[in-house]
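A look at the structure
Below are the chains, spelled out letter by letter.
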Amino acid sequence: MPERRLLAAVDLGSNSFRLLLGRIEESAAGVQVQPLDSLKSPVRLGAGLTPEGELDAASRQRAIEALHRFGERLRSFSPDAVRAVATATLRNMRNPQHFLATAEAALGFPIDIIAGLEEARLIYAGAAHAIAVDGVNRLVVDIGGGSTECIIGRDYEPRLTESVSVGCVSITRKHFADGQIDAVRLERAVLRARAALAPLALAYRREGWRYAVGTSGTARSLPQLA
């Protein structure tokens, strides 16, 4: 009889927290993860990070409330079936351990603060399973709230992985904090993004790619803006 097992992934992003539920389905055709359900909470954790590397009270409260909701959904899951990771905002906190202890108590499971390169690897692994296996290089770009990951890979293998500390929340806080957008501010934001990505350019151009794929909510929003 085919084996079926439930898995859950929790992503504590700088813009949104996400819970993804799936089921492993193993049969003669191979092993696949079948998506079952998802929850998303627009916590905007990165917007609450102070220059001193602390989280303000409002962002902390939104985060804990979201994790409580996720924890209720995960109550019947075994510990080995849940992976929870935190990304750029917790990487940039001066002392994340106090918040992490409260967050883990709310969720009911351990939370790993992952490095930027590990985040890039996981992003590519997820994207590769949604893209055709075609034997050519492709560039996967994930514009998150606090960081942007760029990965060149072929099929399921990442070949170049990088993470830079610039994202939609951090750019907004620095250049558009009052909600006003004009040509001067936009140019400064573009220059900041270019400066962050410029060190990657030579190696990535040498490796080359046939096409590019965008992931995350920011990528999905771009066609609407265009």
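Since we're looking at a predicted model, the values are computed, not measured.

Attention shifts here to the packing of helix α1 (residues 57–73) against helix α3 (residues 97–107). To characterise two packed helices, one gives the angle between the axes of the helices and the distance between these axes. Packing of α1 against α3 leaves a shortest axis separation of 7 Å and a crossing angle of 30°. Regarding the angle of α1 to α3, the classification is roughly parallel. Packed against α1, whose contacting residues are R60, A63, I64, L67, H68, F70 and G71, the element α3 presents H98, F99, T102, A103, A106 and L107 at the interface. Split into classes, the residues belonging to the contact of α1 with α3 amount to eight nonpolar, four polar and one charged.

In this section: the pattern of salt bridges. The tally for this structure, following the rule as stated, stands at 11 salt bridges. Here R23 and E25 are joined by a salt bridge, their closest N and O atoms 2.7 Å apart. Notably, a salt bridge pairs R185 with D182, separated by 3.8 Å at the nearest N-O pair. Residue classification places R185 among the partly exposed positions, given a relative accessible area of 23%. The class of D182 is partly exposed, set by a relative accessible area of 36%. Salt bridges sharing partners connect three or more residues here, namely D178, D182 and R185.

Within the secondary structure, S59 sits in helix α1. At 3.5 Å, the side chain of S59 and the backbone nitrogen of G48 are in polar contact. Each residue touching S59, except ones within four places of it in the same chain, is listed here: V43, R44, L45, A47 and G48.

Right, let's get into the environment of D134. Note that D134 resides in the loop between α4 (116–128) and β6 (137–143). Separated by 21 residues in sequence, D134 and D155 place their C-alpha atoms 6.5 Å apart. In this view, D134 contacts D155 and Y211; residues no more than four positions away in its chain are not counted.

Here we come to unusual backbone geometry. Residues other than glycine predominantly adopt negative phi, and peptide bonds predominantly adopt the trans conformation. The phi dihedral of R44 falls on the positive side, at around 55°, and the residue is not glycine. Taking the relative accessible area as the measure of exposure, R44 reaches 34% and is therefore partly exposed. Unlike most non-glycine residues, S216 shows phi in positive territory, near 85°. Checked against the element boundaries, S216 lands in helix α8 (residues 216–225). Take S216: its relative accessible area is 17%, and that puts it in the buried class.

Cut-off values and rules
Residues numbered from 1 in each chain as written. Predicted model: local features only at pLDDT ≥ 70, side-chain atom pairs only at ≥ 80, totals over all residues. Heavy atoms only, no water. Axes fitted to C-alpha atoms, helices over the stretch in contact; angles between N-to-C directions. Helix = DSSP H or I, 4+ residues; strand = E, 2+ residues; numbered from the N terminus. Parallel < 35°, antiparallel > 145°, perpendicular 65-115°, else oblique. Contact = heavy atoms within 4.5 Å. Nonpolar A, V, L, I, M, F, W, Y, C, P; charged D, E, K, R; others polar. Salt bridge = Lys/Arg side-chain N within 4 Å of Asp/Glu carboxyl O. Buried < 20%, exposed > 50% of the residue type's maximum accessible area, 1.4 Å probe, protein only. Polar contact = N/O pair within 3.5 Å; in protein donor to acceptor, adjacent residues only side chain to side chain.

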